[in-house]
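# Close look at the chain arrangement
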Amino acid sequence: MTDPIAPNPIANAGQFAAEEEVRNMWALPQTRAARDHAAQLWRVGHGTDIPDGLLDSFDSAMDGWVTNYLFKATAIDPAAPRIVRNFMPGYRWQGGDVPDARMGGDNPDNCYRLAGIAPGGRYRVSGRILDARPAHASFTLVENWGTSVTAQTLELPGIVVDEDGSFTISIDGEPADGRSNHLTSTPRTKFLFIRDSMMDWGRETPLDLSIERLDDAAPLDLEQRLDEALRRMREDVPLYYWFFRLSAGKPVNTMVQPIRVAGYGGLVTQASSLGHFHLEDDQAAIVRFDPAGACYNSFQMAMWWYRSIDAHRIQSGLTGAQAEHDADGTISLVVSARDPGVANWVDTGGLRDLLPMIRWQGIPTTQVREGPRHWLDIVPFAEIDRHIPADATRIDAAERAARIARRQREWDRRTTV
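Throughout what follows, the structure given in this document is the object of discussion. Since we're looking at a predicted model, the values are computed, not measured.

### A closer look at helix α2 (residues 29-46)
- Between the first and last C-alpha of α2 there are 26 Å, a value that for 18 residues agrees with the 26 Å anticipated at 1.5 Å per step.
- Every buried residue belonging to α2 is among T31, A34, R35, A38, A39, W42 and H46, and all of these are buried. Down the axis of α2, the smallest arc covering the buried residues is 140°, so these residues share one side. Of the residues in α2, the exposed ones pointing more than 90 degrees away from the buried face are P29, Q40 and V44.
- At its buried positions, α2 is contacted by α1 (13-26), α3 (58-74), α4 (222-235) and α5 (237-248).
- Positive backbone phi, approximately 55°, marks G47, located one or two places after α2.

This is the structure:
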C-alpha cells in the first residue's frame, strides 16, 4: 500500500485569481507594446551571437519573460498580499490556459512563489508541511523585481516547526529581538521569494503557505500594478543578459568548479557550477559530481534564451534522488542528443547549445568527502562506455518510456487541482 498523496497546495483561490489577472493583462495593448520593446532590447543585446536554429524559439521566450513579470504584478497589492506561483511552463487547469513564465535560468525542480512586501509593513506567513517536505526550502526577502538582490533568508531545514508540521514566519522592519522565524525588511524590500526545491517529484510536496498583512495599507489597482511590472520588466533586461553571459561567456564545453552564488545573485547559500556546452549529435558530455551531503542537489540545463528545457516532457536534468549513484557516492550523467541506453541520460531536447548548471543547497557545515565538485569530459558518442562506470545501469527503450511516463505523472502533481 502506498502513502496517500497530499492535495496540491498551489490549487487555491489566490493562485486562480492571479492567473486570471495575468490573462487579463495580456489582453491589454500596453502589455503587447512593452513586450515588443523588451524583445527589441534582447535582440540588440544578443546581436549576431545567436546559434543557428534558435530564432524560431525567440518569440515564445519573450512571451515567457513578460508573463513572469505579470505574475509578479499580481502579488504586489500592499492591501491584499497573496502568495503566487511563478516560473512555470504553460499548463491548463480550472478550465483556463496558464501561459509559460520561465526565465532567468529557472530550475524545474523548484516551486517558485512570490508575495509582495511593502517596506515597513507587518506580515505573518503561515506554513504547514503536508507530507514529505521539499528537500530544501527557502524564504528570501529580495530588493528588486529580478529577485537577485537578497536582504535576508530563512531556510528549511532551519526554520522552527511545530510537532504538527506548522510554522509561522514574521516579517516587519524591526530586528528579530529574540523572535524565531523572523525576517527583517529593508526600505528597498520588494518581495518575499520562496523556493521549494524538490528532489523526489513523486513524494515531495510544496509547503502549504498563506500570508496576511497585520497593518493597514492603501490598495493598488490592476493598472497601477501592471504599469510597475512592465517598467521593471524592461529595466531588468541588462541584469538578466548579464546572468545569461555568466554561462554563455564561458569557454565552450567547460564548466567551472562550484562557487557560492552570494556575490552574484540567487540563493545566497547555494553553490553552483555553471557552464556552456556545444554538443554535436556524435558527441556526449560525461558529467560526474559529488552530492557532498547537500540537502538538495541536481544537474539541470537551460537553453540559449536562459530558460529551462522542457523538464515536464523529457529527462533534461536529474536530481540526486532521481539519478542512480556510483559506488563511491558520486553521480555520473551522460548528456547527449541520442539515448545512450544509460539510466542517467540527460536529454538535450535536440539542442546543441546548452547552459548547464549543477546546484548544491543546504550544504553541511562538516565537509563530506571533498565537498561540492564535479568532473567533465566531452567524448565521442561511440566511446561513452569507456568513460562511465562499468556497473552503470543500462536500460532499453521500453524502460526508458516507462521512466519518462512516470516523470510526467510526477510533474502533473503540480498542475492537478
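Back to the write-up after that little detour.
### Here we look at the pattern of salt bridges
- In total, this model carries 32 salt bridges according to the counting rule given.
- With a closest N to O distance of 3.4 Å, R231 and E235 form a salt bridge. In this pair, R231 and E235 are both assigned in helix α4, four residues apart and thus about one turn of the helix distant.
- You can call R231 partly exposed: its relative accessible area is 35%.

### Quick word on the sheet that holds strand β21 (residues 373-380)
- Across the sheet, which stays open at both edges, the four strands sit in the order β19-β18-β15-β21 with mixed pairing between neighbours. Pairing within the sheet leaves two strands with one partner each, and these edge strands are β19 (345-347) and β21. The mean inter-strand angle of the sheet, taken between neighbouring strand axes irrespective of direction, is 25°.
- Bridge analysis of strand β15 (residues 283-290) against strand β18 (residues 331-336) gives five bridges, and the strand direction is antiparallel. Note on β18: the bridge partner recorded for F289 is I331.

### Let's talk about the packing of aromatic side chains
- This model, assessed by the stated rule, comprises 18 aromatic pairs.
- For the ring pair F87 and Y112, a centre distance of 4.6 Å and an interplane angle of 40° mean the geometry is tilted. Placement of F87 in the loop between β1 (84-86) and β2 (91-93) and of Y112 in strand β4 (residues 110-116) is noted, with a sequence separation of 25 residues between them.
- Here Y112 falls in the buried class, since its relative accessible area comes to 8%.
- Through a chain of ring-to-ring contacts, the aromatic side chains of W42, W65, Y69, Y240, Y241, W242, F243, F244 and W304 assemble into a single cluster.
- Over the ring of F58 we find R43; its NZ or CZ atom is 5.7 Å from the centre of that ring.
- The positively charged end of K72 is found above the aromatic ring belonging to Y69, 4.1 Å away from the centroid.

Conventions we followed
- Residues numbered from 1 in each chain as written.
- Predicted model: local features only at pLDDT ≥ 70, side-chain atom pairs only at ≥ 80, totals over all residues.
- Heavy atoms only, no water.
- Helix = DSSP H or I, 4+ residues; strand = E, 2+ residues; numbered from the N terminus.
- Expected span 1.5 Å × (residues − 1).
- Buried < 20%, exposed > 50% of the residue type's maximum accessible area, 1.4 Å probe, protein only.
- Arc of directions from axis to C-beta.
- Contact = heavy atoms within 4.5 Å.
- Salt bridge = Lys/Arg side-chain N within 4 Å of Asp/Glu carboxyl O.
- Pairing = 2+ DSSP bridges.
- Axes fitted to C-alpha atoms, helices over the stretch in contact; angles between N-to-C directions.
- Phe/Tyr/Trp six-rings, centres within 6.5 Å; stacked < 30°, edge-to-face > 60°.
- Lys NZ or Arg CZ within 6 Å of the ring centre and 35° of its normal.

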